[in-house]
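The chain contents come next:
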Amino acid sequence: ASGDRGGYVHIWNAETMKQIGEPLVAHREINPDEFFSPDNSTIWTWDIEFSPDGKFLATSASDKTLIIWDVETLRPVSQMIHDTDNVAAISYSETEQTDWLRAISFTPDGKKLISGSYDSSIIIWDVEREERLVTFFGATNFPVRALAVNNNGKILAIGFGDGTISLWDLENQEYIQEVIGEHASAITKLSFSADDNFLFSSGQDGLVQEWDIESFA
């Protein structure tokens, strides 16, 4: 699946490399006159993530929305608007996400979805009940740019706009390490190794780095 700067989402056949059906009108028509991309031109689809079982697709965009789609029917099954004045489907406390949703990641069991925002907040959602479980803020005041959950579902890696990387304990809901290292510029992607011993990060500085997670856990 891929997203574009018009707020649409495209589903592709990985074998034939052909698009399946028409593009999903994802975030295009939520609030097209109110939320824009950094160049004030249009809504951007920021991140796309399939659930581990492949049945659902989550998308986030610069309109502050998080949408979960049924892959078989290509219809939205859940929508959360992170806006203090107009909250749909989710009830918030004072620690709401009020800025663009930049990064999303499912836990390995597919039961939780984690979203990170430009206001440095991270929210853990219960997918089935559509409830916000935990809200916390980044170790820095910079935007959340990348998220990754390790394979046993216990550690969340968070990459920020200033190039720093943090580790969060999903079981105890606390930081394992606020800063394990950093790039010279914003983090673009995070991924754990299959054995969960290492974390790989890429940044806008053009580097890919490997981190020994065992030394922090």
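Residues take numbers from 1 onward in each chain, read along the sequence in its written order. It should be noted that, the model being predicted, local features are given only for residues of pLDDT at least 70 and side-chain atom pairs only at 80 or more, the latter also being counted only at that level, while totals for whole chains, interfaces and linings use all residues. Each side-chain value is worked out from all heavy atoms of the structure, with water and hydrogens disregarded.

Novice: Explain the sheet that holds strand 12 (residues 155-160) to me, using residue names and the numbers behind them.
Specialist: The pairing of strands in a sheet happens through backbone hydrogen bonds and is either parallel or antiparallel. Here we have four strands laid out as an open sheet, ordered 11-12-13-14, and antiparallel in their pairing. Edge positions in the open sheet fall to strand 11 (144-149) and strand 14 (174-182), since each of these has one partner strand only. Averaged over neighbouring strand pairs, the angle between their axes works out to 20° when direction is ignored. Looking at chain direction, strand 11 and strand 12 are connected through five bridges and run antiparallel. The partner of Leu147 across the bridge, within strand 12, is Ile158. Strands pair, by our definition, only if DSSP identifies at least two bridges between them. Put simply, DSSP marks the helices as runs of H or I at least four residues long and the strands as runs of E at least two long, and each gets a number from the N terminus on. Angles shown run from 0 to 180 degrees and are taken between the N-to-C directions of axes, each axis being a line fitted to C-alpha atoms and, for helices, limited to the stretch in contact.

Novice: Now, about the sheet that holds strand 15 (residues 187-192): what can you tell me, with residues and values included?
Specialist: Strand order across the open sheet formed by three strands is 15-16-17, with antiparallel pairing between neighbours. Strand pairing shows two members of the sheet lacking a second neighbour, strand 15 and strand 17 (208-212), which therefore form its edges. Looking at each pair of strands side by side, their axes are set apart by 20° on average, direction ignored. Sheet analysis places strand 15 next to strand 16 (residues 198-203), joined by five bridges and oriented antiparallel. Residue Phe192 lies in a different strand from strand 16, and its bridge partner there is Leu199.

Novice: How would you summarise the packing of aromatic side chains if you had to cite specific residues and measurements?
Specialist: In summary, the pairing rule links any two rings of Phe, Tyr or Trp, Trp by its six-membered ring, whose centres are within 6.5 Å, and it sorts them by plane angle into stacked for under 30 degrees, edge-to-face for over 60 and tilted for everything else. The tally for this structure, following the rule as stated, stands at three aromatic pairs. A centroid spacing of 6.1 Å and a plane angle of 85° characterise the contact between Phe136 and Tyr175, whose relative ring orientation is edge-to-face. A residue pair is termed long-range when its members are at least 10 positions apart, and Phe136 in strand 10 (residues 131-137) and Tyr175 in strand 14 qualify at 39 residues. Taking the relative accessible area as the measure of exposure, Phe136 reaches 7% and is therefore buried. In this structure an aromatic cluster arises from ring pairing among Phe136, Trp168 and Tyr175. Only protein chains enter the accessibility calculation, which uses a 1.4 Å probe. A residue is then buried if its area is under 20% of the maximum for its type, exposed if over 50%, and partly exposed in between.

Taken by themselves, the reported measurements are silent on function.
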